[in-house]
Amino acid sequence: FLFITGRIKEQYKLENGKYVVPSPLEDQLKLSPYIASIMLHGINRPHNVALIVVELEELEAWARKEGLTARGKELLREAKVRELYRSEIDKYGREFRSYERVVDFELIAEDFTVHNGMLTPKMSVRRHAVIDRFGPQLDSLYSVRPERGVSAGL
């Protein structure tokens, strides 16, 4: 049997020596109605982190039902919103191996498009362009973050 799970050049190695092909997990997580796009990152790092482009319309509808007063990009800073995305990641990523799962994430409102150079015309994520644009946010996910309860050692 031959199983094709993604492009070989998208595959990367974690710090622990395990190889990760991010596209199957990204495709699974995009099934969530609250996630417009997602990019996993973990090249030579202890674990995977994700950059999540939120589906703002769905998120705002959820926020109204939950009684949150924030709207638009302000919602991305709400603790309840982070809890929602953590539960969505856990729900849609449960069938993957533990080392493949997302440990921490950053929520953003800027979508990946061809016009901003983060997607190819074939609609594939240009990982290097996204890392160049959001590198500091991705790097900060590996440092100790007491407000999130996540540290680089976990």
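Right, let's walk through the structure included here. Within each chain, residue numbers correspond to sequence positions counted from 1 in written order. Totals for whole chains, interfaces and linings use all residues, but because this is a predicted model, local features are given only for residues with pLDDT of at least 70 and pairs of side-chain atoms are given and counted only at 80 or more. Water and hydrogen atoms were dropped before computing side-chain values, which therefore reflect all heavy atoms in the structure.

1. Some thoughts on unusual backbone geometry
Formally: Helix and strand definitions here come from DSSP, where helices need a minimum of 4 consecutive H or I residues and strands a minimum of 2 consecutive E residues; each element is numbered from the N-terminal end. Each residue is assigned to one of three classes by its accessible area relative to the maximum for its type, calculated with a 1.4 Å probe on protein chains only: buried under 20%, partly exposed between the two thresholds, exposed over 50%.
The phi dihedral of Asn44 falls on the positive side, at around 55 degrees, and the residue is not glycine. With respect to the helices and strands, the residue Asn44 is situated in the loop between strand E3 (35-41) and strand E4 (48-54). According to the relative accessible area criterion, Asn44 is exposed, its value standing at 54%. Within the chain, Met123 stands out as a residue other than glycine whose phi angle is a positive 75 degrees. A residue is classified by how much of its surface remains accessible, and Met123, at 54% relative accessible area, is exposed.

2. Notes on the sheet that holds strand E5 (residues 102-108)
Our working rule: Strands pair, by our definition, only if DSSP identifies at least two bridges between them. Under this scheme, a helix contributes an axis fitted over its contacting stretch, all axes are lines through C-alpha atoms, and angles between N-to-C directions fall in the 0 to 180 degree range. Should any heavy atoms of two residues lie within 4.5 Å, those residues are counted as being in contact.
Strand order across the open sheet formed by three strands is E3-E4-E5, with mixed pairing between neighbours. Pairing within the sheet leaves two strands with one partner each, and these edge strands are E3 and E5. On average, each strand axis in the sheet is inclined to that of its neighbour by 25 degrees, with strand direction left out of account. As paired strands, E4 and E5 are joined by six bridges and run parallel to one another. What sits directly across from Val53, in E5, is Ile108. This element, helix H4 (residues 127-140), spans E3, E4 and E5 of the sheet and lies at about 85 degrees to E3.

3. With respect to the packing of helix H2 (residues 56-66) against helix H3 (residues 79-92)
Our working definition: Any angle that falls under 35 degrees is termed roughly parallel, while one over 145 is termed roughly antiparallel, one within 65 to 115 roughly perpendicular, and all others oblique. Crossing handedness is read from the near helix: turned anticlockwise from the far helix by less than a right angle, it gives a left-handed crossing, and turned clockwise, a right-handed one.
With their axes 11 Å apart at the nearest point, H2 and H3 run at an angle of 120 degrees to one another. It follows from the interaxial angle that H2 and H3 lie oblique. The handedness of the crossing between H2 and H3 is right-handed. Here Leu59, Trp62 and Glu66 of H2 come into contact with H3, specifically with Lys80, Val81, Leu84 and Tyr85.

4. Topic: the nonpolar core
To keep things clear, this is the line we draw: In this text, buried Ala, Val, Leu, Ile, Met, Phe, Trp, Tyr and Cys residues form a nonpolar core when linked through side-chain atoms within 4.5 Å.
The biggest cluster of nonpolar side chains holds 28 residues, and the ones touching the most others in it are Ile52, Leu59 and Tyr85. Of all elements in the fold, only helix H1 (22-29), E3, E4, H2, H3 and E5 reach the threshold of two or more residues within this core. Examining the composition of this core, we find that five residues originate from one element, H3, more than from any other. Setting aside its immediate chain neighbours within four residues, Ile52 contacts Ile35, Ser37, Ile38, Tyr85, Ile89, Phe105, Glu106, Leu107 and Ile108. One finds Phe112, Leu119, Phe134 and Tyr142 within the second-largest nonpolar core, a separate group that totals 13 residues.

5. Section: H3
Quick reminder of the rule: Expected span of a helix, by definition, is 1.5 Å for each gap between consecutive residues, and there is one gap fewer than residues. Each C-beta atom gives one direction from the helix axis, and the arc is the one those directions make.
Here H3 spans 20 Å end to end across 14 residues, near enough to the 20 Å set by a 1.5 Å rise per residue. Looking only at H3, the buried set comprises Val81, Arg82, Leu84, Tyr85, Glu88, Ile89 and Tyr92. Angular distribution of buried residues about the axis of H3 spans 155 degrees; they occupy a single face of the element. The outward face of H3, more than 90 degrees from its buried face, is lined by the exposed residues Ala79 and Glu83.

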